[in-house]
Amino acid sequence: MCAVFEGVASQEALQQYVDTRVGTAASTTETAGVFGRHTEEYGQTLPAVLVPHGMNFWTPQTQDTELKCIAPYYYRDSKLQGFRNSHWIVGGCTQDYGSMTLMSVFGTLKTTPEERASLFSHSSEIATPSYYSVYLDDYNTRAELTAQSRSALFRFTYDKDGTAYLVVNPNSDQGEGYIEVDTVRKEIRGYNPVHRIYQGWGESAGFSGYFVVKFEKTPVTFGVFKDSVAYWGKTSIGKQLHIGAFVGFKVRAHERILVKAASSFTSIQGAIKNMAEEIPHWDFDKVHRQLNKCWEDQLSKLKVVGDKNQKEKFYGAFYRTSFLPRVFNDVDGAYPSFSKGTPIRKSINGDYYEDYSMWDTYRALHPLLTIIDTKREGEMMQSLVEKYKQGGWLPIFPCWNSYTAAMIGDHCISVIGDAYMKGIKGIDMLTAYEAMRKNAFQTPSSVEDYKNGMGRRALKSYLQYGYIPLEDSVKEAFHQNEQVSRTLEYAYDDYVLAQVAKKMGKTADYKLLIHRAKNYQNVIDPRTGYAQGRHADGTFLTQNNAFSFASFVTEGAPCHYTWSVPQDMKGLMKLMGGKEKFIAKLDSMFSEKRYWHGNEPCHQVAYLFNYAGEPWKTQKQVAYIRSTEYLNAPGGLSGNDDAGQMSAWYVFSAIGFYPVCPGNPYYVIGSPSFESTTIQLENGKKFVIKAHQVSNKNIYIQSAKLNGKPFDKSYLTHQQIMDGGVLDFIMGDTPNKSWASSVRSFPPSMSE
């Protein structure tokens, strides 16, 4: 059920500010199309009804597939095919898995998603986190949806007398699904086997998405289908493409039909148990009230005072940070083993979580949870430890309960390390350290394990050279090459692990790892001050490629990735030739329109002026990005939301600070956008940020006080926030270039 926040509920209804369809259309922001292409120009989000971080994202469906890069719903589509219990890695370009779709049709039975799809109007949609409603024009039917984590309740209201059909299909693109009708129990049950992509592409993930659909009214007819052919009176079908089941009801004009659905990753019985526990009745309004309260409590963790447009962008972003990672276990704690599927295990102390888009979310989404959702973050981190215990290696990018090497880096180290350094409870740190250290120092002895996605990619080269040379093409990865980006990210991960080692008293490891954290220096070309590809013999490439996309960089240009040294901005500054050259390069990112907000590697760039004593430039650029790269519109995101990272950037940046270097317990101050922000902490305290005289023009900090005392640092510590208190800013329309400009005001760097 919904994990209800035990704070004071908001007196203002905050869901009114959330349009869940933001990010479902092609980007209309200022930089749309400048860097991103095709699906990179979409937010790839869902207008889903869900419990925050719940198992299922209950969404309307306009696209009938679970294939990579195709979201279930796009705003451009004019026909709706049904409603899906989606497990889409929201905001990205991966896959959906283990889902089913149900639809109500009226009059003549239509089975396939394309045939049965009904015209609809966006003006008839009501799309909130706790409730979705739409009018199906072709069937003169109002469809409504509300939910819990693993289950949902639908209400269909028909304008005319006649026959209504409930059509259900397992969404197996491989033709391996199964479905059956049980008119005695008034149920449709089935499963959709899950398959891997990236490592082990097309192989079984070892488990299925199981589902049960229960209807209150007794059907007058039933059957199964394949494609457009209905088999009336038949009770089951499986192991074929484009299959499903249906039941028919006689309805009167304005009659309401109620339908429940639930799912599980363990068994059909698990799905039945989940439904019985979460929605044991047929009271639609009661379920809606429960989920409505859940979302009001969730959104009330961050209470802001500002205008309507600001609140819409802020609470919409907050909603989108509340999808992933998802709860993966049944109500009784049962879940399939990581990487194998069997045996079925039980989560005892809290929930087991899955689907970590780790290359994205280590940056801001998980740091946000260390402030507002500490218990859940502890469970998420422990879930990563459990994956190590079950699979033998700490995963790199764990999705669909499997190993993948979809993206680069080793950022489970970052998120676990960040949580530990901030005092998050509930993590078995002895085992966690064992797992992190193994990833940092060892490569699987089995070639098959390495191909399967276990261990760091190209670790042997990294350890041999102190960087990954161009001669190592990193073949056993979805993202091949990208040697420079890998080097930079491994150096950062080594830094975080060094901090953990130091805190745990592992001095020898600390010394080794802190030395490796300087490996970023090996891929910054001293001739240009930009990241550059390097050969095994030590020579750099000579091409003038700093501003062009390059194969040795992940999804971008060297100028984007040069700044991926969050642990040591002071050291990077020295490599570039000093403060003036550092600032000049930073300035050019914006003046020459090189900054790309639509992808993650640039997300910390605007905050780096603080490290050079010019925080007023950070204030200027952050305010500009907020106003131009985020809109409260279907095309309102400048790129993939990537499991909430894009939105987490906005949440932090609207509050007024950002976690440039997760693993170091501090946040770099930007420009607050609200008159007041109250962070309701789980420890019962509140941290309040007040921005006096703030406006669209008054974006510059003139002075600050923390708990009534003058404050002249351009960063906050995590402990200062968790202790509660008040941070007051006086804002103005011209920069105060002296505020937080002295060396003692700079955020910490490793080289100090």
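Residues numbered from 1 in each chain as written. Predicted model: local features only at pLDDT ≥ 70, side-chain atom pairs only at ≥ 80, totals over all residues. Heavy atoms only, no water.

Undergrad: Would you take a moment to explain the overall build of the protein for this structure?
TA: Within the protein, the secondary structure is distributed over 19 helices and 31 strands. Projecting the C-alpha coordinates of the protein onto the three principal axes gives extents of approximately 80 × 60 × 45 Å. Counting only residues that meet the buried cut, the protein has 67% of its 752 residues in that class. Of the accessible surface of the protein, which amounts to about 24,800 Å², a share of 50% is contributed by carbon and sulfur atoms. Computed over 81 positive and 78 negative side-chain charges, the separation of the two mean positions in the protein equals 4 Å. (Helix = DSSP H or I, 4+ residues; strand = E, 2+ residues; numbered from the N terminus. Buried < 20%, exposed > 50% of the residue type's maximum accessible area, 1.4 Å probe, protein only. Areas by Shrake-Rupley, 256 points an atom, 1.4 Å probe, with all protein chains shown as cover. Lys, Arg positive; Asp, Glu negative; His and termini not counted. Charge placed at Lys NZ, Arg CZ, Asp CG, Glu CD.)

Undergrad: Looking at this structure, how should I read helix α16 (residues 579-591)?
TA: Residues three or four positions apart in an α-helix share a direction because the helix packs 3.6 residues into each turn. With 13 residues, α16 extends 18 Å between its outermost C-alpha atoms, agreeing within 8% with the 18 Å of an ideal straight helix rising 1.5 Å per residue. Buried residues along α16 sit in contact with α14 (558-561), α15 (569-576) and α17 (615-628). Backbone geometry just after α16 places K593 at a positive phi near 55°. (Expected span 1.5 Å × (residues − 1). Contact = heavy atoms within 4.5 Å.)

Undergrad: Honestly, the environment of I188 in this entry has me stumped. Any pointers?
TA: Checked against the element boundaries, I188 lands in strand β12 (residues 187-195). Assessed through its relative accessible area of 0%, I188 is described here as buried. Taking the C-alpha atoms as reference points, I188 and S402, 214 residues apart in sequence, are found 29 Å from one another.

Undergrad: Even after reading the chapter, I still don't get the sheet that holds strand β30 (residues 715-717), so can you show me in this structure?
TA: Sheet strands pair via backbone hydrogen bonds, and the direction of the pair is either parallel or antiparallel. Pairing within the open sheet is antiparallel, and its three strands lie in the order β24-β25-β30. In the strand order of this sheet, the two ends are held by β24 (657-658) and β30, each with one partner. When strand β25 (residues 666-669) meets β30, the two strands line up antiparallel, connected through three bridges. What sits directly across from Y667, in β30, is L716. (Pairing = 2+ DSSP bridges.)

Undergrad: How should I be thinking about the pairing of strand β4 (residues 100-106) in this particular structure?
TA: Looking along a regular strand, one sees side chains alternate from face to face of the sheet. Along β4, seven of the seven residues are buried, which leaves the element largely enclosed by surrounding structure. Side chains M100, L102, S104 and F106 of β4 all project onto a buried face; the interleaved residues T101, M103 and V105 project onto the opposite face, where all are buried too. As paired elements, strand β3 (residues 82-86) and β4 share two bridges and run antiparallel to each other. Among the inter-strand pairings, F83 is bridged to a residue of β4, identified as L102. Of the pairings in the sheet, the one linking β4 to strand β10 (residues 162-170) comprises seven bridges and is antiparallel in character. Directly across from L102, in β10, lies its bridge partner V168.

Undergrad: Looking at this model, I keep getting lost on the sheet that holds strand β29 (residues 709-710). Mind explaining?
TA: Read from one edge to the other, the open sheet built from six strands follows the order β19-β26-β27-β31-β28-β29, with strand pairing classed as mixed. Unpaired on one side and paired on the other, β19 (302-305) and β29 mark the two borders of the sheet. Judged from the four bridges that link them, β19 and strand β26 (residues 676-680) form a sheet pairing that is antiparallel. Bridge pairing in β26 places V305 opposite S676.

Undergrad: Looking at this structure, I do not really get the pairing of β25. What am I missing?
TA: Of the two faces of β25, the one holding Y666 and V668 and the one holding Y667 and I669 are both buried throughout. Of the pairings in the sheet, the one linking β24 to β25 comprises two bridges and is antiparallel in character. Following the sheet pairing, F657 is matched in β25 by I669.

Undergrad: Explain the pattern of salt bridges to me, please; I cannot follow it from the model alone.
TA: For side chains of opposite charge, pairing can occur when their charged atoms come near one another. Summed over the entire model, instances satisfying the criterion amount to 35 salt bridges. Of the charged contacts, one joins D355 and R326 as a salt bridge, the two residues approaching to 2.7 Å between their closest N and O atoms. Within this pair, whereas D355 is found in the loop between β23 (353-354) and α5 (358-361), its partner R326 is found in strand β20 (residues 326-327), the two being separated by 29 residues in sequence. Judged by its relative accessible area of 0%, R326 is buried. Three or more residues joined by partner-sharing salt bridges are found here, namely E180, D182, R185, E187, R189 and K214. (Salt bridge = Lys/Arg side-chain N within 4 Å of Asp/Glu carboxyl O.)

Undergrad: I tried to follow the packing of aromatic side chains on my own but got confused; where do I start?
TA: Tallying each qualifying case throughout the model produces 52 aromatic pairs. Residues F314 and F674 carry aromatic rings whose centres are separated by 5.2 Å and whose planes lie at 80° to one another, so their mutual orientation is edge-to-face. In this pair, F314 sits in helix α4 (residues 308-320) while F674 sits in the loop between β25 and β26, placing the two residues 360 residues apart along the sequence. Residue classification places F314 among the buried residues on the basis of a relative accessible area of 0%. For R437, the ring lying beneath its charged end belongs to F441, and the centroid distance is 4.2 Å. Sitting above the plane of the W616 ring, K737 keeps its charged end 4.7 Å from the centroid. (Phe/Tyr/Trp six-rings, centres within 6.5 Å; stacked < 30°, edge-to-face > 60°. Lys NZ or Arg CZ within 6 Å of the ring centre and 35° of its normal.)

Undergrad: Would you mind showing me how to read the packing of helix α9 (residues 429-441) against helix α13 (residues 507-516) here?
TA: The interhelical angle for the contact between α9 and α13, taken along N-to-C directions, is 50°, at an axis separation of 13 Å. By the angle between their axes, α9 is oblique relative to α13. For the element pair α9 and α13, the recorded crossing hand is left-handed. Residues Y433, R437, A440 and F441 of α9 pack against D509, L512, L513 and R516 of α13. Taken together, the residues of the contact of α9 with α13 break down into five nonpolar, no polar and three charged. (Axes fitted to C-alpha atoms, helices over the stretch in contact; angles between N-to-C directions. Parallel < 35°, antiparallel > 145°, perpendicular 65-115°, else oblique. Left-handed = near helix turned anticlockwise from the far one by under 90°. Nonpolar A, V, L, I, M, F, W, Y, C, P; charged D, E, K, R; others polar.)

Undergrad: Before we go on, may I ask you to explain α15 in this structure?
TA: Buried within α15 we find M569, G571, L572, M573 and M576. Looking at the buried positions of α15, the neighbouring elements they touch are α16. Phi turns positive one or two residues past the end of α15, at G577, with a value near 105°.

Undergrad: Hey, could you run me through the state of the cysteines in this one?
TA: Should the sulfur atoms of two cysteines be covalently bonded, the bond is a disulfide. All chains considered together, the criterion is met by one disulfide. Disulfide partner of C69: C93, at an S-S distance of 1.5 Å. Taking the sign of the S-S torsion, 85° for the link of C69 and C93, the bridge is right-handed. Residue C69 is located in the loop between β1 (57-61) and β2 (79-80), and its partner C93 is located in the loop between β3 and β4; the two are separated by 24 residues in the primary sequence. In terms of burial, C69 and C93 fall into one category: buried. No disulfide involves C602; its sulfur sits 6.9 Å from the nearest other cysteine sulfur, which is in C559. Judged by relative accessible area, which is 1%, C602 ranks as buried. In this model C661 remains outside any disulfide bridge; the closest cysteine sulfur is found in C412, 17 Å from its own. We classify C661 as buried; its relative accessible area is 0%. (Disulfide = S-S within 2.5 Å.)

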